Amino acid sequence: ITDDNGVIGVGGVMGGEGSGCPEGTTDVFLEIALFDPVRTAATGRALAIESDARYRFERGVDAAFMAAGEETATRLIIELCGGEPSHAVVAGGPPDGARELPFRVERVASLGGVEIAADTCGAILTGLGFTVSDGSVTVPSWRPDIEMESDVVEEVLRVRGFDRIPPLSMPRAQGVARPVLTTGQRRERWAKRTLAARGLVEAVTWSFVSDSQARLFGGGGGELRLANPISSELTDMRPSLLPGLVAAVGRNIDRGFDDVALFEAGHTYADDSEAGQALVISAVRRGRTVERHWAEQPRAVDAFDAKADALAGIAACGGPADKAQISADAPAWYHPGRSGAVRLGPNVLAHFGELHPRVLKVLDVEGPLVGCEIFMDALPISRVKATRAKPNLKLSTLQPVTRDFAFVVDEKVRADDLVRAARGAHKTLIDDARVFDTYQGAEVGDGRKSMAIAVTLQPYERTLTDTEIDAVGQQVVAAVEKATGGTLRS
């Protein structure tokens, strides 16, 4: 916009400095203009100017309101500042904004899914400023967004209430199969739900790690190096989920959250082949098991918490958590002596334990920190056929019986071997066996240790007699002696 003296402003976007109103202004010239929305938007984008004027004009304003707008602005200036108005000068005229659109009442039902009477539709549209006639409506000038019949139907439904539209199921086309989750997808969901129920929060981390982190967790190498990494710290495909989770724990610690429990389900990459990609669910814990409380003494998380997470995840997937063996051959990124592997024969189902201090130092996270890795592809498929019927609930109304045994064994004997032998002594009556005490000292001799276990007997048909309980006890002693070479401690 210009005059004989130069540029006054950019139409619909921004006024010029020379036409502004400083503190000494006494005479004001009002320009009540209408600017094209498309040209205003294009000009504003080209000049990269964001202004109130551009915001309004590029979205369309009411062309019929120009005369009324002039009167309103003039009245406000006189009321607030005083002064005397001059006569108005009009150049051109507003465009004819009257638009007539078809409107059929039956389209409300076909498009909106709800029957609304013609009188009700007419009353709603009249209240919104529309002029309703037989088979059509005239759109008010201040509604440039109404462009077709479906927009008119939407206005009726909006005022009537979208919540009054009854929900209906979409019809399924013939021959289209229902979506079916694979066994792996179902097991992944079961494991994630179980870990969440154990107090862990699901995280999603990068699939890339730095070369140094990849080498810490058994990876690294040219075949998994990215050709165009997004960052110098994200150069390699991850060989484990633990680096990302440990980094997430570190960020939580930096923000004052010392007690962290996270898990993630994702793929790891051993090489660039299809077989080298594996689905893994990993979990990490750091800090205390519970918050400080006067009635309960908190303790730091340990390897047994990670072991419990791993076994719970395996059990949730239908895996043989109760039959799996525990071995002390976890990878190098775990702390030796405070870690282990969950095995089913030669197959490794999971790793668990406390992460090695050397690893935590490189990742710049203060420990101790424990974690586990569940290898979903290694879990055997359950042989029990899937059914909607729930399995029979096997309960007993009879009182269980608990007997304690203390065995002196070689210090290299694992507790898992001893407990497994005790459980297998009588598969019908023995319901549980667990270690509740260990001892090493002069009373049992060098190279020896004492492990005390509690064996629970659960009868189902009748109450056990003392003779029957003693017989089962002898079977437990014999089974443990045969499996571990231990003797009953006197």
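Here goes a summary of the coordinates provided. Computed from a predicted structure; not experimentally measured.

The antiparallel open sheet is built from 3 strands, whose spatial order is β5-β7-β6. Either end of the sheet is taken by a strand with one partner, and the two such strands are β5 (99-102) and β6 (131-133). Going from strand to strand, the sheet's axes swing by 25 degrees on average, the running direction of each strand aside. Looking at chain direction, β5 and strand β7 (residues 136-139) are connected through 4 bridges and run antiparallel. Looking at β7, one finds that Leu101 is bridged to Val137.

Attention now goes to the sheet that holds strand β20 (residues 487-488). Strand pairs in the sheet, formed through backbone hydrogen bonds, run parallel or antiparallel to each other. Read from one edge to the other, the open sheet built from 4 strands follows the order β18-β19-β17-β20, with strand pairing classed as antiparallel. Pairing within the sheet leaves two strands with one partner each, and these edge strands are β18 (430-439) and β20. Relative to β20, strand β17 (residues 401-410) runs antiparallel, the two sharing 2 bridges. Counterpart to Phe407 in the pairing with β20 is Leu488. Where helix α12 (residues 415-423) meets the sheet, it contacts β17, β18 and β19 (448-457), and its direction lies at approximately 145 degrees from that of β18.

The subject of this paragraph is the nonpolar core. As a rule of thumb, soluble globular proteins bury nonpolar side chains together. Core analysis: the largest hydrophobic core is formed by 24 residues, its most contacted members being Ile314, Val342 and Met376. Elements with a minimum of two residues in this core: α7 (183-197), β11 (260-269), β12 (277-286), α10 (303-316), β15 (347-355) and β16 (369-375). Beyond its immediate sequence surroundings of up to four residues, Met376 is in contact with Arg187, Glu188, Ala191, Leu279, Ile281 and Cys317.

Direction vectors running N to C along helix α5 (residues 118-127) and helix α6 (residues 149-160) enclose 95 degrees, while the axes themselves pass 10 Å from each other. Taken together, the axes of α5 and α6 are roughly perpendicular relative to one another. From α5, Thr120, Cys121, Ile124 and Leu125 reach across to α6, where they touch Val152, Glu155, Val156, Val159 and Arg160. Across the contact of α5 with α6, the residue classes tally to 6 nonpolar, 1 polar and 2 charged.

Evaluated as defined, the whole model comprises 25 salt bridges. One salt bridge connects Glu264 with Arg238, and the closest N-O pair in it is separated by 3.4 Å. Of the two residues, Glu264 is situated in strand β11 and Arg238 in the loop between β10 (236-237) and α9 (242-254); the sequence distance between them amounts to 26 residues. On the accessibility criterion, Glu264 (3% relative accessible area) is buried. The shortest N-O distance in the salt bridge between Arg420 and Asp416 comes to 3.3 Å. Placement of both Arg420 and Asp416 in helix α12 is noted, with a separation of 4 residues, approximately one turn of the helix. Owing to a relative accessible area of 29%, Arg420 belongs among the partly exposed residues under this scheme. Residue class for Asp416 comes out partly exposed when judged on its relative accessible area of 22%. Here the salt bridges share partners, and the residues they tie into one network are Glu50, Arg54, Glu58 and Arg59.

A few words now on the state of the cysteines. If you walk through the whole model with that rule in mind, you get 0 disulfides. With no disulfide of its own, Cys372 has Cys317 as its nearest cysteine by sulfur position, at a separation of 12 Å. Owing to a relative accessible area of 1%, Cys372 belongs among the buried residues under this scheme.

Basis of the calculations
- Residues numbered from 1 in each chain as written.
- Predicted model: local features only at pLDDT ≥ 70, side-chain atom pairs only at ≥ 80, totals over all residues.
- Heavy atoms only, no water.
- Pairing = 2+ DSSP bridges.
- Helix = DSSP H or I, 4+ residues; strand = E, 2+ residues; numbered from the N terminus.
- Axes fitted to C-alpha atoms, helices over the stretch in contact; angles between N-to-C directions.
- Contact = heavy atoms within 4.5 Å.
- Core = buried A, V, L, I, M, F, W, Y, C linked by side-chain atoms within 4.5 Å.
- Buried < 20%, exposed > 50% of the residue type's maximum accessible area, 1.4 Å probe, protein only.
- Parallel < 35°, antiparallel > 145°, perpendicular 65-115°, else oblique.
- Nonpolar A, V, L, I, M, F, W, Y, C, P; charged D, E, K, R; others polar.
- Salt bridge = Lys/Arg side-chain N within 4 Å of Asp/Glu carboxyl O.
- Disulfide = S-S within 2.5 Å.

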